[in-house]
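Descriptive analysis of the structure
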Amino acid sequence: MKLNYIKLICFREIEEITSSKNITQYERFDCKGVKKFIIPEGVKEIDNLDVLSFENLEIFQIPSTLTFIGHKGTAKYDPDVIKIPTFDSQKVKFKVGKENQLFTTIKDGSVIVSKDKKVLYSYPSASGDITISDGITTIANDAFKGANIQTLVLDESVTEVGEHAFAFSKVKTVKILSKQVHFQYEAFADCINLETVEIKGDVIGTPEYGLWPGSAIFARCNNLKDIKFNGTVASIDESFADCINLTQFSIPEGVENIAMETFTNCENLIYFDVSKNKNFKTSENGSKLMSADGKCLIFWPKASGNVVVPAGVEYLYTEVFSTCKNPITTITLPKSLKDIGGHHDPCALSYIRDSLKHIYFEGTKEQWKYIITNMNPFTSRDMQEIPTTYNYKK
């Protein structure tokens, strides 16, 4: 039997199963009184049961017959994912049929884990300072989503942190001790109390996606101020978008490039340390970040007034001026320039469009025309409206 449709009745302690047909939804009414959610014996699969918003739920019971609960994938890059629903209640304890081959419980039923006790699926009552150890290797998707934890230590055994595993939790401090760890998408996103993170080992990618860990790992962690990578990192794509209190960042060893939106809206980020990474260099006391060969200008948050882009720069990173607090009134561009992030909307100069009064280009008019005609059409039109001097000599 495949159970995809569950109807829950007001103020009842036990749910009522109304259909076992292949209907991918469930209904919920005023269920403040629901204290027990019991999946009956005989049910083998449950698909898309993501959230149980029952604030007084105390028991979630899984039968011996259940072989799958979670998300059924539809493609190669959308695989089946075993997932326990997210609970609003912190009082939930789990009961699992003795013959169930997927799950078992630990900590007196407070935690549901895989049968071999290596994957932690859900810990609704987690609070305060916690350490994940005891041989756990994987934190499953949503396992601690919204949890009321303060300090988190992931012991050396933990090597995988799932999608949204700690998202929206109240955690303030994170320490990860394993030699290697892989994060999936938004693993710690929206942890608005998070201030410090230390990762002892390497952050790795996965074979099916190449050397790319999940992106947006710490996105929208508004209070994040200090993050330390002690090992190598495959990529930091989008990982710190909207971390508005991040003031400095040490680029870890292993990072080869910085993708768009990695530091989007990091309005107070003004210092980069590249001592661990030979792919980048800085100038102006660490506030101007460039590729090591000087061909790409990546970030320049302190730029203001009359800005002169260094000779040899061929590419302006799309968000190079995106967090500048002071207006840029003129910009001098070298004749070596080939691209200003024009395939995107906005481009590098779009962020300073309102204050920019004049462009001085050391190359020819034909070179500039080539640059802007290979841009997004809307961005190209914007650039053509800014007064420009060609063949400029300082």
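Residues numbered from 1 in each chain as written. Predicted model: local features only at pLDDT ≥ 70, side-chain atom pairs only at ≥ 80, totals over all residues. Heavy atoms only, no water.

**Here's the deal with helix α2 (residues 377–384)**
Each α-helix winds once per 3.6 residues, and so residues spaced three or four apart point in a common direction. Note the cut-off: Relative accessible area decides the class of each residue, using a 1.4 Å probe on protein chains only: under 20% of the type maximum gives buried, over 50% gives exposed, and in between gives partly exposed. Numbering goes from the N terminus for both helices and strands, where a helix is a DSSP run of H or I of at least four residues and a strand is a run of E of at least two. Note that the arc is computed from the directions linking the helix axis to the C-beta atoms. Should any heavy atoms of two residues lie within 4.5 Å, those residues are considered in contact.
Where α2 is concerned, the buried positions are T379, S380 and M383. The arc that holds every buried residue of α2, seen down its axis, measures 100°, which confines them to one face. Along α2, the residues that are exposed and aim more than 90 degrees away from the buried face are P377, F378 and Q384. For α2, the secondary structure elements touched by its buried residues are α1 (365–373).

**Quick look at the pairing of strand β20 (residues 173–176)**
What counts here: DSSP bridges decide pairing: two strands pair if at least two such bridges lie between them.
A one-sided burial pattern is seen for β20, the buried positions being V174 and I176 and the unburied ones T173 and K175. Of the strand pairs in this sheet, strand β18 (residues 148–154) and β20 are connected by four bridges, and their pairing is parallel. From the neighbouring strand, L152 faces β20, where its bridge partner is V174. Strand direction decides the pairing type here: β20 and strand β22 (residues 196–199), joined by four bridges, are parallel. Counted as the bridge partner of T173 is T196 from β22.

**Some points on the packing of aromatic side chains**
The condition is simple: Pairing of aromatic rings covers Phe, Tyr and Trp, the last counted by its six-membered ring, and requires centre-to-centre distances within 6.5 Å; plane angles under 30 degrees mean stacked, over 60 mean edge-to-face, and any other angle means tilted. Placement of a charge over a ring requires the Lys NZ or Arg CZ to be within 6 Å of the ring centre, with the centre-to-atom vector within 35 degrees of the ring normal.
Applying the stated rule across the entire model yields 23 aromatic pairs. Between F263 and F272 the ring centres are 5.9 Å apart and the planes differ by 75°, which places this aromatic pair in the edge-to-face class. The class of F272 is buried, set by a relative accessible area of 1%. Taking the ring centre of W300 as reference, the NZ or CZ of K288 above it sits at 4.0 Å.

**Details of the environment of E253**
Relative to the helices and strands, E253 is located in the loop between β25 (248–250) and β26 (271–273). Sequence spacing of E253 and N277 is 24 residues, and the spatial spacing of their C-alpha atoms is 4.8 Å. The residues contacting E253, other than those within four sequence positions of it, are G231, T232, V233, K276 and N277.

**A closer look at the sheet that holds strand β12 (residues 93–96)**
Definition in use: For helices, the fitted axis covers only the stretch in contact; all axes are lines through C-alpha atoms, and the angles between them, taken along N-to-C directions, range from 0 to 180 degrees.
Reading across from one edge, β5-β8-β12 is the order of the three strands in this open sheet, with parallel pairing throughout. Whereas interior strands pair on both sides, the edge strands pair on one side only; in this sheet they are β5 (36–38) and β12. The average undirected angle you get between the axes of adjacent strands in this sheet is 15°. Of the strand pairs in this sheet, strand β8 (residues 59–62) and β12 are connected by four bridges, and their pairing is parallel. Within β12, the residue paired with F60 across the bridge is F94.

**Let's talk about the pattern of salt bridges**
Using the following cut-off: Note on definitions: salt bridges are taken to be side-chain nitrogens of Lys or Arg within 4 Å of carboxyl oxygens of Asp or Glu.
Per the counting criterion, the structure on display carries seven salt bridges. Among the ionic pairs, K288 bridges to E284, the shortest N-O distance being 3.5 Å. When its relative accessible area of 6% is taken as the criterion, K288 is described as buried. A residue is classified by how much of its surface remains accessible, and E284, at 43% relative accessible area, is partly exposed. Note that E314 is salt-bridged to K338, the shortest N-O span being 3.8 Å. Separated by 24 residues along the polypeptide, E314 in the loop between β30 (305–308) and β31 (315–316) and K338 in the loop between β32 (328–333) and β33 (358–361) bring together distant segments of the chain.

**Side note on the pairing of strand β13 (residues 103–106)**
Looking at chain direction, β13 and strand β14 (residues 111–114) are connected through four bridges and run antiparallel. Across the sheet, T104 pairs through a bridge with V113, a residue of β14. From the end of β13 to the start of β14, which pair antiparallel, there are four residues, and K107 there has a positive phi angle of about 50°.

**What to know about unusual backbone geometry**
Its identity is not glycine, yet N285 carries a phi of approximately 60°, on the positive side. Mapping N285 onto the fold places it in the loop between β27 (280–283) and β28 (288–291). If you check the backbone angles, N391 has positive phi at about 55° while not being a glycine. If you trace the backbone, N391 turns up in the segment after β34 (388–389). We classify N391 as partly exposed; its relative accessible area is 47%.

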